[in-house]
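# Breakdown of the fold
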Amino acid sequence: MTNLEAFDEACKFIAGGVNSPVRAFSNVQSHPLFIAKGKGAFITDIENKTYIDYVQSWGPLLFGHCDKKIQKACKNALKNGSSFGAPTLLETELAKLILENFPHLSKIRFVNSGTEATMSAIRLARAFTKKNKILKFEGCYHGHSDSLLVSAGSGASTFNTPSSLGVLNEFAQQTLVATYNDIESVKILFENHKDIACVIIEPIAGNMGLVPAKQKFLEELAKLCKENQTLLIFDEVMSGFRASFLGSFGINQIKADIVTFGKVIGGGLPAAAFASRDEIMNLLSPKGGVYQAGTLSGNPLAMAAGIASITQAKNDPKLFIRLEKLAKKLSKGMKSLAKERGIPLKTRYVGSMFGYFFTDKKVRNYQDALKSDLSLFAKFHAKMLENGIYLAPSQFETSFICSKMNQETLALTLEAVNKSFKSL
Ligand SMILES: *Cc1c(COP(=O)(O)O)cnc(C)c1O
């Protein structure tokens, strides 16, 4: 069966043919590859073509596909049963492995997806502060719960609007939207709204392409939150154990009130979490009045994969230095190839995260990112696939380096970039 036949068949039974929209490749006017298997840095589709994979399941696979230690941990867990709906020792073990790194986080709770983690963090913030509104940043993605599917209105005085059908205007009006890396836009909102329960932000944004926040901006944001008795939520679902071992905290040491994790902490299985200090986490049911639950939360297979993933990262203190060197090499290589051919390109990297925009202007926020040449991106994406490189099928995504990549992987990638640029 070809990829296209598989997609046609899937479309008969699955809404849109996919279980998460970006997978459909509609941003690059194409159709998805159906993946048969992966190994380390590579994936193979059902047409038996192999690609170097820079999607890495959208971030979780820090150690690439079929990592031996993660596989073994899952197999061992599976022997004992796949789910109990009762506590296991694995949950406490992963909780310790995560919390021991963060002096400002004393309790954690595991959920199944990043969406649940941010949704629960916001509920907790509203309960703790007894305030209603939340503030997010344009271009940051925090999952698909109602309060977070909101776009900015035009100008600070106008109401925000739902970015999805089915989200109530009444919900959207409780969510304020500021401009990333622009502290003035936050100040104005704080001046006009006294009841902001929390500010939620990706401290290293990876969902508008890779756009790290400036250290000074985050410091001022933390200060503003404190002055206004507003909780600061760092959504590190993507950047946690990815941008550095400690995520953004490892880079700028800024302590948010609540931190959400996901992706890498599940090692490729569904797990995410939110963590905070005791006085806040004690509000959660069963101790407190904030309800939050999950049939499969803390699932033993996911916990085992997470433990194997975090333990490996912890035991290899040079891991992120090595991954960042590869990211830097990719960044510099792409840039100089683009320059040779007069192609406008901006690149960024942080730890094992890598991003590029087809523009010659600085990208500091979502509006800047939107100025990228999307048709050039789509052409580049298609050429790279032809040349054996699997990139995220959208300009507004981040690429991921995994531990199984090396100089050879990079050389092959840059050769493909060169060929692709040549034929653009
Ligand atoms: C992926 C992501 C989410 C959503 O996580 P899901 O597991 O897909 O629900 C939330 N926040 C950030 C920053 C993410 O990258």
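Calculation rules
- The residue numbers shown here count from 1 along each chain, following its written sequence.
- It should be noted that, the model being predicted, local features are given only for residues of pLDDT at least 70 and side-chain atom pairs only at 80 or more, the latter also being counted only at that level, while totals for whole chains, interfaces and linings use all residues.
- Where side-chain values are given, they derive from all heavy atoms of the structure, hydrogens and water being excluded.
- Residues are counted as near a molecule or strand when any one of their heavy atoms sits within 4 Å of it.
- Throughout this description, a polar contact denotes any pair of N or O atoms lying within 3.5 Å of each other; where both atoms belong to protein, one of them has to be capable of donating a hydrogen while the other can accept it, and for residues adjacent in sequence the pair is counted only when both atoms sit in side chains.
- Here the open area of atoms and residues is found with the Shrake-Rupley method and a 1.4 Å probe, where only the protein chains shown may cover a residue.
- Residues are grouped as follows: Ala, Val, Leu, Ile, Met, Phe, Trp, Tyr, Cys and Pro are nonpolar; Asp, Glu, Lys and Arg are charged; every other residue, Gly included, is polar.
- Helix axes use the C-alpha atoms of the stretch in contact, all axes being lines fitted to C-alpha atoms, and the angles between their N-to-C directions lie in the range 0 to 180 degrees.
- For the purposes of this entry, the term helix denotes a DSSP run of H or I that reaches at least four residues, the term strand denotes a run of E that reaches at least two, and both are numbered from the N terminus.
- Under this scheme an angle from 65 to 115 degrees is roughly perpendicular, one under 35 degrees roughly parallel, and one over 145 degrees roughly antiparallel; angles in between are oblique.
- Helix crossings fall into two classes, left-handed where the near helix is turned counterclockwise from the far one by less than a right angle and right-handed where it is turned clockwise.
- Whether two residues are in contact is decided by their heavy atoms, any of which lying within 4.5 Å being enough.
- Here the bounds of each domain stem from an automatic or database domain assignment.
- Buried area is calculated as the accessible area (1.4 Å probe) missing from two parts once they are joined, with the contributions of both summed.
- By definition, a salt bridge exists where a carboxyl oxygen of Asp or Glu is found within 4 Å of a side-chain nitrogen of Lys or Arg.
- The pairing criterion for strands is at least two bridges between them, as found by DSSP.
- Residue exposure (1.4 Å probe, protein chains only): buried if accessible area is under 20% of the type maximum, exposed if over 50%, otherwise partly exposed.

### A word on the site of the ligand
Close to the ligand lie S113, G114, T115, Y141, H142, G143, E202, N207, D235, V237, M238 and K263, which account for all nearby residues. N207 is positioned such that a nitrogen or oxygen atom in its side chain is 3.1 Å from an oxygen atom of the ligand. Between the ligand and K263, the relevant distance is 2.6 Å, taken from an oxygen atom to a side-chain nitrogen or oxygen of the residue. Summarising the interface, the protein chains cover 82% of the accessible area of the ligand, which totals 380 Å² for the free molecule. Taken together, the residues of the shell around the ligand break down into three nonpolar, six polar and three charged.

### A look at the packing of helix α13 (residues 374-386) against helix α14 (residues 407-422)
Look at α13 against α14: their axes get within 9 Å of each other, and the N-to-C directions meet at 130°. Between α13 and α14, the interaxial angle falls into the category oblique. Here α13 runs over α14; the crossing is right-handed. Here F380, K383 and M384 of α13 come into contact with α14, specifically with T413, A416, V417, S420 and F421. Residues belonging to the contact of α13 with α14 are distributed by class as follows: five nonpolar, two polar and one charged.

### Things to note about the domain arrangement of the protein
Each assigned domain of the protein is listed with its residue range as follows: domain 1 (3-66 + 317-423) and domain 2 (69-314). Relative to domain 2, the C-alpha centre of domain 1 lies at a distance of 25 Å. Domain 1 puts 32 residues into the contact, and the matching count from domain 2 is 32 residues. Summed over both partners, the interface of domain 1 with domain 2 comes to about 2500 Å²; 64% of that surface belongs to carbon and sulfur atoms. The interface formed by domain 1 and domain 2 contains zero salt bridges. Scanning the region where domain 1 abuts domain 2 turns up nine residue pairs in polar contact (both at pLDDT 80 or more). Those elements giving two or more residues to the side of domain 1 that touches domain 2 turn out to be α11 (319-340), β15 (346-350), β16 (353-357) and α12 (366-370). Tallying contributions element by element places β16 first for the side of domain 1 that touches domain 2, with four residues. Taken together, the residues of the side of domain 1 that touches domain 2 sort by class into 20 nonpolar, nine polar and three charged.

### Overview of the sheet that holds β16
Strand pairing in a sheet relies on backbone hydrogen bonds. The paired strands run either parallel or antiparallel. The three strands are arranged β15-β16-β18 in an open sheet whose pairing can be described as antiparallel. Edge positions in the sheet fall to β15 and β18 (399-400), since each of these pairs with one other strand and no more. Note that β15 and β16 share five bridges and pair antiparallel. Bridge assignment links T347 to a residue of β16, and that residue is Y356. The sheet contacts of α11 involve β15 and β16, and relative to β15 the element is tilted by about 175°.

### A few points about the side chain of N299
Locating N299 in the fold gives a position in the loop between α9 (278-281) and α10 (300-314). By relative accessible area, which is 15% here, N299 ends up buried. Within the structure, the side chain of N299 is placed 3.0 Å from the backbone nitrogen of L301, a separation counted as a polar contact. With residues up to four places along the chain from it excluded, the contact list for N299 reads S82 and S83.

### Topic: the pairing of strand β5 (residues 133-137)
With five of five residues buried, β5 is to be regarded as a mostly interior element. A two-sided burial pattern is seen for β5, the buried positions comprising K133, L135 and F137 on one face and I134 and K136 on the other. Across three bridges, β5 lies against strand β9 (residues 196-201) in parallel orientation. Bridge pairing in β9 places K133 opposite I196. Sheet topology places β5 next to strand β8 (residues 175-178); four bridges connect them, and they run parallel. Among the inter-strand pairings, L135 is bridged to a residue of β8, identified as L176.

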